[in-house]
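Summary of structural features
Listed below are the residues making up each chain.
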Amino acid sequence: MASRWQHRIAVSMMASCDVGRLQFVYALLFEVSLGPGLVSSSSFPVCSMGHGTSRLYSALAKTLNSSTASQHPEYLVSPDPEHLEPIDPKELLEECRAVLHTRPPRFQRDFVDLRTDHPSSHPPIRVMQWNILAQALGEGKDNFVQCPVEALKWEERKCLILEEILAYQPDILCLQEVDHYFDTFQPLLSRLGYQGTFFPKPWSPCLDVEHNNGPDGCALFFLQNRFKLVNSANIRLTAMTLKTNQVAIAQTLECKESSRQFCIAVTHLKARTGWERFRSAQGCDLLQNLQNITQGAKIPLIVCGDFNAEPTEEVYKHFASSSLNLNSAYKLLSADGQSEPPYTTWKIRTSGECRHTLDYIWYSKHALSVRSALDLLTEEQIGPNRLPSFNYPSDHLSLVCDFSFNEEPDGLL
Ligand SMILES: NC(=O)C1=CN([C@@H]2O[C@H](COP(=O)(O)OP(=O)(O)OC[C@H]3O[C@@H](n4cnc5c(N)ncnc54)[C@H](OP(=O)(O)O)[C@@H]3O)[C@@H](O)[C@H]2O)C=CC1
Ligand SMILES: [Mg+2]
């Protein structure tokens, strides 16, 4: 593991630098300290589902106290074979609701029908984008001053996250800030029929938090009965050719019903004000990687992410004007189809209220249609203390869209 003193040197050097130089030093130190091993594109192996009965008994309980169950960090421990028995999603939902019985009910959100004239003979592909809030960051770093610590208890908060996933049943899940992959999401979601891939941040801020559960990172899950994995790349993003602490996963999937291929990607760009140029450079690197993976947009693309950037930022403009012909799906919820939602994250920190649009689902606008999108929570539902809360587990809202392929010739991608 890279030594913490190198990280501390970076931080102390940052204190005396201007922003451009600071970002350079930051990227440079990550490069020298982490070496080439983390740089190459590779996919983490995942376990396929077993053929047991649909007995749920203790499926959730097995993960409840997992953080104290082993001497090793949970993120290094492989799930035991018992974890591979299929689970009935309804039973898991019931079990989550039982854990959450003292909490207020979850919010009602409706899908907005956005169907166009494009006919589709195949079932839509439902994609969920969600920064689920890393447990270590929520408890140790984020400073959500209006959120009671009890609302963040992992044993319950994880049930709120699972409930959200089970309520919308996405075919593909693109998650950020996952710091409970190996002990919670991989074993449970694999039993629900998903194949998962996790790519941790090389120097996750979670590791600075006492009693952390390992690094946070991006995770991508897809339903194995709907898609076949064609190829997978774990990408460590660069900024001005230097390796950074931010990552992406890009996978080419083939739909089993239609035999059509598409690329799905998930990312989480650098946070905080003052880092706009850095984010922009990371976005350019991601676009370049996606150009290569889709062979210059020959196959349709969906890119989900917490871009940590408002629509006014350069990185957003790069995506909107890219030769990959992308559109942002949640714009379609606006009256004119041209405006992003007013917020995708809303929290109160010591510095005050933070209401921003940072999360996006980009898609190939000629090759794919958005058939529907899940409406956001209203200000009234979010409530005066904002997010996270007793009835919503993250400071970011989930975005969910149903896509279908347009019956267009390949040339129009
Ligand atoms: N980046 C920096 O300026 C500094 C970073 N470090 C350390 O460097 C390491 C690398 O971090 P890096 O990947 O660059 O981190 P980022 O700056 O990208 O942020 C990491 C996490 O912090 C959250 N975050 C964003 N704004 C705030 C805020 N105002 N207060 C608290 N949390 C916030 C982000 O959540 P979301 O995406 O949901 O907004 C994100 O998940 C970490 O150990 C970090 O502690 C140390 C000093 C300065
Ligand atoms: Mg966060």
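Treat the numbers as computed from the prediction; the structure is a model and nothing was measured.

**Some points on the nonpolar core**
Formed by 71 residues in total, the largest nonpolar core has its most connected members in Ile-172, Phe-262, Ile-264, Ile-302 and Phe-403. The element best represented in this core is helix α6 (residues 154–168), accounting for eight residues. Among the nonpolar cores identified, the runner-up in size contains 25 residues, and Ala-233, Leu-286, Leu-301 and Phe-307 belong to it.

**A look at the sheet that holds strand β6 (residues 227–239)**
The six strands are arranged β6-β7-β8-β9-β13-β10 in an open sheet whose pairing can be described as mixed. The open sheet is flanked by β6 and β10 (326–328), the only strands paired with a single partner. Put simply, the sheet's adjacent strands are angled 20° from each other on average, direction ignored. Across eleven bridges, β6 lies against strand β7 (residues 242–255) in antiparallel orientation. Counted as the bridge partner of Phe-227 is Cys-255 from β7. Strands in contact with helix α8 (residues 276–293) are β6, β7, β8 (261–268), β9 (301–306) and β10; relative to β6, the strand with the most contacts, it is inclined by about 145°.

**With respect to the UniProt feature "domain: Endonuclease/exonuclease/phosphatase" (unreviewed entry) in the chain**
UniProt annotation of "domain: Endonuclease/exonuclease/phosphatase" (unreviewed entry) refers to residues 128–396 when read in the numbering used here. Split by type, residues 128–396 is 23% helix and 34% strand. Its first and last C-alpha atoms lie 12 Å apart.

**Topic: the pairing of β7**
As a general feature of sheets, a regular strand has side chains that alternate between the two faces. For β7, the tally of buried residues reaches 14 of 14 residues, placing the bulk of the element in the interior. In this structure, the hairpin formed by β6 and β7 is closed by a connection of two residues, where Met-240 is found at a positive phi of approximately 50°. Pairing geometry for β7 and β8, over seven bridges, is antiparallel. Its bridge partner being in β8, Thr-252 is matched across the sheet by Cys-263. Between β7 and the antiparallel strand that follows it, β8, lie five residues; Ser-259 among them carries a positive phi value of about 65°.

**Digging into the packing of aromatic side chains**
Applying the stated criterion across every chain yields a total of 20 aromatic pairs. Measuring from ring centre to ring centre gives 4.9 Å for Phe-307 and Phe-319, while their planes differ by 85°; the resulting arrangement is edge-to-face. Placement of the pair is Phe-307 in the loop between β9 and α9 (314–320) and Phe-319 in helix α9, with a sequence separation of twelve residues. For the pair shown, Phe-307 and Phe-319 are each scored as buried. Measuring from centroid to centroid gives 5.8 Å for Phe-307 and Tyr-360, while their planes differ by 80°, and the two rings are edge-to-face. One end of the pair, Phe-307, is in the loop between β9 and α9; the other, Tyr-360, is in strand β13 (residues 359–364), with 53 residues separating them in the sequence. Through successive ring pairs, a cluster of aromatic residues spans Tyr-181, Phe-182, Tyr-194, Phe-198 and Phe-221.

**Examining the packing of helix α4 (residues 89–99) against α6**
Taken N-terminus to C-terminus, the directions of α4 and α6 make an angle of 145°; their axes are 9 Å apart at the nearest point. Crossing of α4 over α6 shows left-handed handedness. In contact with Pro-89, Leu-92, Leu-93, Cys-96, Arg-97 and Val-99 of α4, α6 contributes Glu-155, Glu-156, Cys-159, Leu-162, Glu-163 and Leu-166. Looking at the contact of α4 with α6, its residues break down into eight nonpolar, no polar and four charged.

**Considering α8**
If you check α8, its first and last C-alpha atoms are 26 Å apart, about what 18 residues at 1.5 Å a residue would give, namely 26 Å. Every buried residue of α8 is accounted for by Phe-278, Arg-279, Ser-280, Ala-281, Gln-282, Gly-283, Asp-285, Leu-286, Leu-287, Leu-290 and Ile-293. One or two positions beyond α8, positive phi appears at Gln-295, with a value near 50°.

**Points about empty space enclosed by the protein**
Under the counting rule described, the total for this entry stands at four cavities of 30 Å³ or more. In this structure, the largest cavity encloses a volume near 80 Å³. Lining the largest cavity are 13 residues; nearest its centre among them are Ser-120, His-122, Pro-123, Ser-258 and Phe-405. Top element by residues in the lining of the largest cavity is strand β15 (residues 399–405). It accounts for three residues. Counted by class, the lining of the largest cavity contains six nonpolar, four polar and three charged residues.

**Details of helix α7 (residues 181–191)**
Counted residue by residue, α7 has ten buried out of eleven residues, so it is predominantly covered. Among all positions of α7, only Tyr-181, Asp-183, Thr-184, Phe-185, Gln-186, Pro-187, Leu-188, Leu-189, Ser-190 and Arg-191 are buried.

**Quick look at the sheet that holds β15**
Spatially, seven strands are ordered β1-β14-β15-β2-β3-β5-β4 in an open sheet, and the strand pairing comes out mixed. Of all the strands in the sheet, the pair left with one neighbour each is β1 (111–113) and β4 (194–200). Taking each pair of neighbouring strands and ignoring which way they run, the sheet shows an average axis angle of 25°. With five bridges joining them, strand β14 (residues 368–374) and β15 adopt antiparallel strand pairing. Each bridged residue has a counterpart across the sheet, and for Val-370 the counterpart in β15 is Phe-403.

Reading the values: rules and limits
- Residues numbered from 1 in each chain as written.
- Chains lettered and ligands numbered in written order.
- Predicted model: local features only at pLDDT ≥ 70, side-chain atom pairs only at ≥ 80, totals over all residues.
- Heavy atoms only, no water.
- Core = buried A, V, L, I, M, F, W, Y, C linked by side-chain atoms within 4.5 Å.
- Buried < 20%, exposed > 50% of the residue type's maximum accessible area, 1.4 Å probe, protein only.
- Helix = DSSP H or I, 4+ residues; strand = E, 2+ residues; numbered from the N terminus.
- Pairing = 2+ DSSP bridges.
- Axes fitted to C-alpha atoms, helices over the stretch in contact; angles between N-to-C directions.
- Contact = heavy atoms within 4.5 Å.
- UniProt positions renumbered as here; feature names shortened; annotations may be inferred.
- Phe/Tyr/Trp six-rings, centres within 6.5 Å; stacked < 30°, edge-to-face > 60°.
- Left-handed = near helix turned anticlockwise from the far one by under 90°.
- Nonpolar A, V, L, I, M, F, W, Y, C, P; charged D, E, K, R; others polar.
- Expected span 1.5 Å × (residues − 1).
- 1 Å grid on protein atoms, 1.4 Å probe; cavity = no way out; pocket = protein on both sides within 12 Å on 5 of 7 lines; lining within 4 Å.
- Points joined across faces, edges and corners; volume = space filled by probe spheres on them.

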